[in-house]
Amino acid sequence: MSTSFPERPPTARDLLAFYLEAGVDCALNDEAIDRLSEAHQPAPERAAETPVRALPPRATTTPAPPPRVAAAPPPDIAAATARDAADTVNTLDELRELLDAFDGCALKATATRLVFSDGNPEARIMFVGEAPGRDEDIEGKPFVGRSGKLLDLMMGAIGLDRTRVYIANVIPWRPPGNRTPTPQETQICLPFIRKQIELVDPDVLVCLGNPSSQTLLNTREGIMKTRGRWVPFDTGKRVIRAMPTFHPAYLLRSPIYKRLAWQDLRAIRSALSGSVSPG
Ligand code: URA
């Protein structure tokens, strides 16, 4: 950490800079919790060895601590539970209900709501991103923020819109402060997105960006290498074709790659029109 303390008394800006460097980049509650005062609450009184007389309980003015959120189970147990649970559902509605009831992923506790899907469950093409951001967390739908607007334009360029595609994310809850999901969180959520793909049963799967491509296609290769290439994807019901391409958020930061994204989109359009067989 590189924060150096100024000679003058620290200001609110100094404090925020300190928090940022410490990795604290969003508030989880409106009210701060004073953990130090909780830790200093009086310990329960020990029974005296030879009681002289029982004292009445001491009145305390310390407010009750906030209710604790149940701790999520260890990641390997949660991942196994997720796999077993995902196997039990047969419809997208059941999968959504299952996720609403699933407490194995700690991200659920900090997210506002589940971001399950948008679009048409009968679609022939499914787009999968990484995880919801702030706008998606507020609206409960994937890709509704700035990168969603670009995704709409990308789809529009090949004659698609949200009535003709199905959209979801590998992780259905927003990570706090939009941080990168941990490998454990990804492993816990993987059985659910795999089941979602199986139930939608698209002909074409488009993985948006590195995390989605690497997780779903089980590769360590980066998007620069994998983009634009068709790979077989076993949904559990049948083998379909999948293509990694750039995440729209990446294209917003690096518009120079829009040219390559356009090539990928054209290949996707050809695959949907049946004029090209997967390589
Ligand atoms: N980025 C994603 O990967 N998914 C969303 O839903 C929004 C932004």
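Just so you know, these numbers come straight off a predicted model, no measurement behind them.

Conventions adopted
- Residues numbered from 1 in each chain as written.
- Predicted model: local features only at pLDDT ≥ 70, side-chain atom pairs only at ≥ 80, totals over all residues.
- Heavy atoms only, no water.
- Patch = residues over 30% accessible without salt bridge, like charges linked within 9 Å, V, L, I, M, F, W, Y side chains within 5 Å.
- Areas by Shrake-Rupley, 256 points an atom, 1.4 Å probe, with all protein chains shown as cover.
- Salt bridge = Lys/Arg side-chain N within 4 Å of Asp/Glu carboxyl O.
- Lys, Arg positive; Asp, Glu negative; His and termini not counted.
- Charge placed at Lys NZ, Arg CZ, Asp CG, Glu CD.
- Helix = DSSP H or I, 4+ residues; strand = E, 2+ residues; numbered from the N terminus.
- Buried < 20%, exposed > 50% of the residue type's maximum accessible area, 1.4 Å probe, protein only.
- Near = heavy atom within 4 Å.
- Polar contact = N/O pair within 3.5 Å; in protein donor to acceptor, adjacent residues only side chain to side chain.
- Nonpolar A, V, L, I, M, F, W, Y, C, P; charged D, E, K, R; others polar.
- Contact = heavy atoms within 4.5 Å.
- Pairing = 2+ DSSP bridges.
- Phe/Tyr/Trp six-rings, centres within 6.5 Å; stacked < 30°, edge-to-face > 60°.
- pLDDT = per-residue confidence, 0-100.
- Disulfide = S-S within 2.5 Å.
- Arc of directions from axis to C-beta.

Enquirer: Sorry, what's going on with a negative patch on the surface here?
Expert: A cluster of like negative charges, contributed by D93, E94, E97 and D100, occupies part of the molecular surface. The residue D93 is located in helix α4 (residues 92-101) in this model. On the basis of relative accessibility, which here comes to 55%, the residue D93 falls in the exposed class.

Enquirer: When you look at the site of the ligand in this model, what are you seeing that I'm missing?
Expert: The local shell around the ligand consists of G129, E130, A131, P132, E136, P142, F143, S147, N169 and H247. A131 has a polar backbone atom sitting 3.1 Å from a nitrogen atom of the ligand. The contact in question runs from an oxygen atom of the ligand to an N or O atom on the side chain of H247, over 2.8 Å. The residue inventory of the shell around the ligand, partitioned by class, reads four nonpolar, four polar and two charged.

Enquirer: Just checking my understanding: could you explain the environment of G133 for this structure?
Expert: The residue G133 is located in the loop between β2 (125-129) and α6 (134-139) in this model. Judged by relative accessible area, G133 falls into the buried class, the value being 12%. Placed 44 residues apart in sequence, G133 and G177 show a C-alpha to C-alpha distance of 8.3 Å. With residues up to four places along the chain from it excluded, the contact list for G133 reads R174 and N178.

Enquirer: Can you help me understand the sheet that holds strand β1 (residues 118-119) in this one?
Expert: Sheet strands line up and pair through hydrogen bonds in the backbone, either parallel or antiparallel. The six strands lie next to each other as β1-β3-β2-β4-β6-β5, forming an open sheet whose pairing is mixed. One side of each edge strand has no neighbouring strand; the edge strands of this open sheet are β1 and β5 (231-234). Relative to strand β3 (residues 166-169), β1 runs antiparallel, the two being bridged by two bridges. Bridging from a neighbouring strand, G119 pairs with Y166 of β3.

Enquirer: Can you walk me through the pattern of salt bridges in this structure?
Expert: Side-chain pairs of opposite charge can arise where the charged atoms are in close proximity. If you walk through the whole model with that rule in mind, you get 10 salt bridges. Between E198 and K195 there is a salt bridge whose closest N-O contact spans 3.5 Å. A residue pair is termed a helical-turn pair when its members lie 3 or 4 positions apart in one helix, as E198 and K195 do in helix α8 (residues 183-200) at three residues. Here D203 ties to R238 by a salt bridge, and the two come within 2.8 Å at their closest N and O atoms. You can see D203 sitting in the loop between α8 and β4 (204-208) and its partner R238 sitting in the loop between β5 and β6 (239-245), a full 35 residues away along the chain. Here the residues in one salt-bridge network are R124, D201, D203 and R238, joined through shared partners.

Enquirer: What's the story with unusual backbone geometry in this structure? I'm lost.
Expert: What is expected of a backbone is that most residues other than glycine have negative phi and most peptide bonds are trans. Even without a glycine there, the phi angle at F143 is positive, about 55°. Of the residues examined, F143 reaches a relative accessible area of 4% and is grouped as buried. Phi is positive for N218, close to 55°, though the residue is something other than glycine. Inspection of the secondary structure puts N218 in the loop between α9 (209-217) and α10 (223-226).

Enquirer: Just to check I follow, could you spell out the packing of aromatic side chains for this structure?
Expert: The geometry of an aromatic ring pair is captured by two quantities: the separation of the ring centres and the angle between the planes. A complete count under the given rule lists four aromatic pairs for this structure. With a centroid separation of 4.9 Å and an interplanar angle of 70°, the aromatic rings of F102 and F192 are classed as edge-to-face. Pair noted here: F102 is in the loop between α4 and α5 (107-110) and F192 is in helix α8, with a separation of 90 residues, a long-range link. The same class applies to F102 as to F192, namely buried. An aromatic cluster is defined as three or more aromatic residues linked by ring pairs; in this entry it consists of F246, Y250 and Y257.

Enquirer: Explanation requested: the confidence of the model for the chain in the structure shown.
Expert: A low pLDDT means the predicted coordinates there should not be read in detail. When pLDDT is averaged across the chain, the result is 86; 76% of the residues are at 70 or more. Contacts from residues 42-54, a stretch scored under 50 in pLDDT, to residues over four places away or in other chains number one contact.

Enquirer: What exactly am I supposed to notice about the state of the cysteines here?
Expert: Cysteine pairs can be linked by a disulfide, which is a covalent bond between their two sulfur atoms. Counted according to the given criterion, the structure contains zero disulfides. The thiol of C105 is unpaired, and the distance to the nearest cysteine sulfur, on C189, comes to 4.1 Å.

Enquirer: Mind showing me how you'd approach the pairing of β5 here?
Expert: Each regular strand shows side chains that alternate between the opposite faces of the sheet. Strand direction decides the pairing type here: β5 and β6, joined by four bridges, are antiparallel. Looking across to β6, one finds that F233 is bridged to I240. Where β5 folds back onto β6 in an antiparallel hairpin, the turn is made up of four residues, including G236, whose phi is positive at roughly 105°.

Enquirer: Can you walk me through the environment of D84 in this structure?
Expert: Here D84 shows up in helix α3 (residues 75-86). Measuring from C-alpha to C-alpha, the distance between D84 and P191 comes to 8.7 Å, with 107 residues separating the pair along the chain.

Enquirer: Any chance you could explain α4 here in plain terms?
Expert: One turn of the α-helix equals 3.6 residues, which is why residues spaced by three or four share an orientation. When we look at burial in α4, the residues that qualify are L92, L95, L98 and L99. All buried residues of α4 fall inside an arc of 115° around its axis, so they share one side. Facing away from the buried side of α4 by over 90 degrees, the exposed positions are D93, E97 and A101.

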